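Reading the structure
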Amino acid sequence: MRNFDLAPLYRSSIGFDRLINLLESNQGQSNGGYPPYNVELVAENQYRITIAVAGFAQDELDITSHDNMLTVRGAHPEEQQEKNYLYQGIAERNFERKFQLAEHVNVRDAKLENGLLYIDLERVVPEANKPRRIEIVK
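Summarised in this report is the structure supplied together with it. What you see is a predicted model, and the numbers here were worked out from it, not measured in a lab.

Mapped onto the elements, Glu 60 comes out in the loop between strand E2 (46-52) and strand E3 (61-66). With no salt bridge to any partner, buried Glu 60 finds its closest opposite charge in Lys 83, at an N-O distance of 9.9 Å. One polar contact links the side chain of Glu 60 to the main-chain amide nitrogen of Ala 57, over a distance of 2.9 Å. Excluding residues within four positions of it along the chain, Glu 60 makes contact with Gly 55, Arg 73, Gly 74, Ala 75, His 76 and Pro 77.

The subject of this paragraph is the packing of aromatic side chains. Scanning all chains against the criterion turns up three aromatic pairs. With 6.1 Å between their ring centres and 90° between their planes, Tyr 34 and Phe 95 make a pair best called edge-to-face. Of the two residues, Tyr 34 is situated in the loop between helix H2 (17-26) and strand E1 (37-43) and Phe 95 in strand E5 (residues 95-100); the sequence distance between them amounts to 61 residues. Among the residues examined, Tyr 34 registers a relative accessible area of 16% and is labelled buried. In this structure Phe 95 comes out as buried when scored by relative accessible area, which is 7%. Taken together, the ring pairs in this structure connect Tyr 34, Phe 56 and Phe 95 into an aromatic cluster. Lying over the aromatic face of Tyr 34, Arg 93 brings its terminal NZ or CZ to 4.1 Å of the ring centre. Over the face of the ring belonging to Tyr 118 we find Lys 111, whose NZ or CZ atom lies 5.9 Å from the ring centre.

What the four strands build is an open sheet, ordered E1-E2-E7-E6; its pairing is antiparallel. Each of the sheet's edge strands pairs with one partner strand only, and the pair in question is E1 and strand E6 (105-113). The mean angle between the axes of side-by-side strands here comes to 20°, regardless of whether they run parallel or antiparallel. As judged from the six bridges shared by E1 and E2, these two strands associate in the antiparallel manner. Across the sheet, the residue bridging to Leu 41 is Tyr 47, located in E2.

This paragraph deals with the pattern of salt bridges. Where side chains of opposite charge bring their charged atoms close, a pairing between them can arise. Taken as a whole and judged by the stated rule, the model has five salt bridges. A salt bridge links Arg 73 to Asp 62; the shortest N-O distance between them is 3.7 Å. Taken together, the residues span a long stretch of sequence, with Arg 73 in strand E4 (residues 69-74) and Asp 62 in strand E3 at a distance of eleven residues. One salt bridge in this structure joins Arg 73 and Glu 96, with 2.6 Å as the shortest N-O distance. Here the residue Arg 73 occupies a position in strand E4, and Glu 96 occupies one in strand E5, the gap between them amounting to 23 residues. A relative accessible area of 38% places Glu 96 in the partly exposed class. Counted as one network, the salt bridges with shared partners bring together Asp 62, Arg 73, Glu 96 and Lys 98.

So, how was this worked out
- Residues numbered from 1 in each chain as written.
- Predicted model: local features only at pLDDT ≥ 70, side-chain atom pairs only at ≥ 80, totals over all residues.
- Heavy atoms only, no water.
- Helix = DSSP H or I, 4+ residues; strand = E, 2+ residues; numbered from the N terminus.
- Buried < 20%, exposed > 50% of the residue type's maximum accessible area, 1.4 Å probe, protein only.
- Lys, Arg positive; Asp, Glu negative; His and termini not counted.
- Salt bridge = Lys/Arg side-chain N within 4 Å of Asp/Glu carboxyl O.
- Polar contact = N/O pair within 3.5 Å; in protein donor to acceptor, adjacent residues only side chain to side chain.
- Contact = heavy atoms within 4.5 Å.
- Phe/Tyr/Trp six-rings, centres within 6.5 Å; stacked < 30°, edge-to-face > 60°.
- Lys NZ or Arg CZ within 6 Å of the ring centre and 35° of its normal.
- Pairing = 2+ DSSP bridges.
- Axes fitted to C-alpha atoms, helices over the stretch in contact; angles between N-to-C directions.

Following this line, the structure appears as structure tokens:
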């Protein structure tokens, strides 16, 4: 694994502490490849996360958003009967997948369709944070 020294960023950036800490904390971490997912830019301020959740029912999935962290969990009930597989190519294990959201990105809705979980996101920048023209007075 490669490790990057982010110290130079601290010297030349102001107010990006949270972003740099996020980069440092995610170095070398991996969720593995399960379940596979896509992140799509739908429009200028609209995004869609698509997660392959084959084998999970709607009531076995949990989506939470808290402090700019989107967490998707899938858990099968404990009382599933034991199966005797000759070959098992479909993963049925429980999962937890986390996505760090930028500021002002909100979850609009989520839907489960044909084994794919679609989570639609939208960036809504408040008027106070939008660029504004400053007049120069004489």
